[in-house]
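Descriptive structure summary
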Amino acid sequence: MIFRFKANLNGTITASASLLALFFYIQVSSTYAVNHADSCNNKYENLSKQHTAAILHNTEGTPAFFNALHSVEEKIFISFQHCPKDPLLFTLMGEVQISLGNLQLASIYANKAFNWNSTIWQTHHLLGTTLSMQEQYEK
């Protein structure tokens, strides 16, 4: 967004209006960022519950188990379109991949999540879990 200051008889009004527009733009941008983060967090919370339910309510290895997990996986892929670098969604995808038995894929999601945010416990937990499951204890 470009703001121009015009020198005219009402120069003070134009400059004030431009500053007001700039402050409004900053406020709207920061509100959008907060709402977007909240939206991504809500997606994570809802999908995490669905993942837990899929594991608890289906016998491991059955078609129903895999169908439920693939349904969660698909919803996470859709969420990635809105939250492409959300570390929590990536940790959840890693957990889903572990549930599906895809350890190498889970490890990729773990590394991405950890690289984006190494300050949350979920990224540490997933990375440690995938490394342990692959017997890469030294890492």
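Remember, predicted model here, so these are calculated numbers, not experimental data.

A few words now on the environment of Y44. Structurally, the position occupied by Y44 is in helix α1 (residues 11–57). Residues within four places of Y44 in sequence aside, it is in contact with L88, L89, T91, L92 and Q122.

Turning next to unusual backbone geometry. With a phi close to 55°, E135 is a non-glycine residue in the positive phi region. With respect to the element layout, E135 can be found in the segment after α5 (121–133). In this structure E135 comes out as exposed when scored by relative accessible area, which is 58%.

Another aspect to go through is the state of the cysteines. Every disulfide links exactly two cysteines, by a covalent bond between their sulfur atoms. Counting across every chain of the model gives one disulfide. Between the sulfur atoms of C40 and its disulfide mate C83 the distance is 2.0 Å. Taking the sign of the S-S torsion, -95° for the link of C40 and C83, the bridge is left-handed. With C40 in helix α1 and C83 in the loop between α2 (63–82) and α3 (87–100), this residue pair connects regions lying 43 residues apart in the sequence. For C40, a relative accessible area of 3% puts it in the buried group.

Moving on, we get to the nonpolar core. With 19 residues, the main nonpolar core has I76, F80 and L89 as its most contacted residues. Elements that contribute at least two residues to this core include exactly α1, α2, α3 and α4 (103–116). A total of seven residues in this core trace back to one element, the largest contributor, which is α3. When neighbours within four sequence positions are excluded, I76 is seen to be in contact with L47, L89, L92, M93 and V96. Membership of the second largest hydrophobic core comes to six residues, among which are I98, A106, A110 and L131.

With that settled, the discussion passes to the environment of G128. Structurally, the position occupied by G128 is in helix α5. The class for G128 is partly exposed, based on a relative accessible area of 30%. For the pair G128 and K139, spaced 11 residues apart in sequence, the C-alpha to C-alpha distance is 8.6 Å.

With that settled, consider the confidence of the model for the protein chain. Taken over all residues, the pLDDT of the protein chain has a mean of 84, while the share at 70 or more is 73%. Within the model, pLDDT remains below 50 along residues 28–34, and this stretch shows zero contacts once partners closer than five positions in the same chain are excluded.

In this section: the packing of α4 against α5. A pair of packed helices can be characterised by two numbers: the angle between their axes and the separation between those axes. The geometry of α4 relative to α5 is characterised by a closest axis approach of 9 Å and an angle of 150° between their N-to-C directions. The angle between α4 and α5 falls in the class roughly antiparallel. α4 and α5 meet at a crossing whose hand is left-handed. Here α4 contributes L103, A106, S107, Y109, A110, N111, A113 and F114 to the contact with α5, which in turn contributes T123, H124, L126, L127, T130 and M133. Looking at side-chain class alone, the contact of α4 with α5 contains nine nonpolar, five polar and no charged residues.

Rules behind the numbers
Residues numbered from 1 in each chain as written. Predicted model: local features only at pLDDT ≥ 70, side-chain atom pairs only at ≥ 80, totals over all residues. Heavy atoms only, no water. Helix = DSSP H or I, 4+ residues; strand = E, 2+ residues; numbered from the N terminus. Contact = heavy atoms within 4.5 Å. Buried < 20%, exposed > 50% of the residue type's maximum accessible area, 1.4 Å probe, protein only. Disulfide = S-S within 2.5 Å. Core = buried A, V, L, I, M, F, W, Y, C linked by side-chain atoms within 4.5 Å. pLDDT = per-residue confidence, 0-100. Axes fitted to C-alpha atoms, helices over the stretch in contact; angles between N-to-C directions. Parallel < 35°, antiparallel > 145°, perpendicular 65-115°, else oblique. Left-handed = near helix turned anticlockwise from the far one by under 90°. Nonpolar A, V, L, I, M, F, W, Y, C, P; charged D, E, K, R; others polar.

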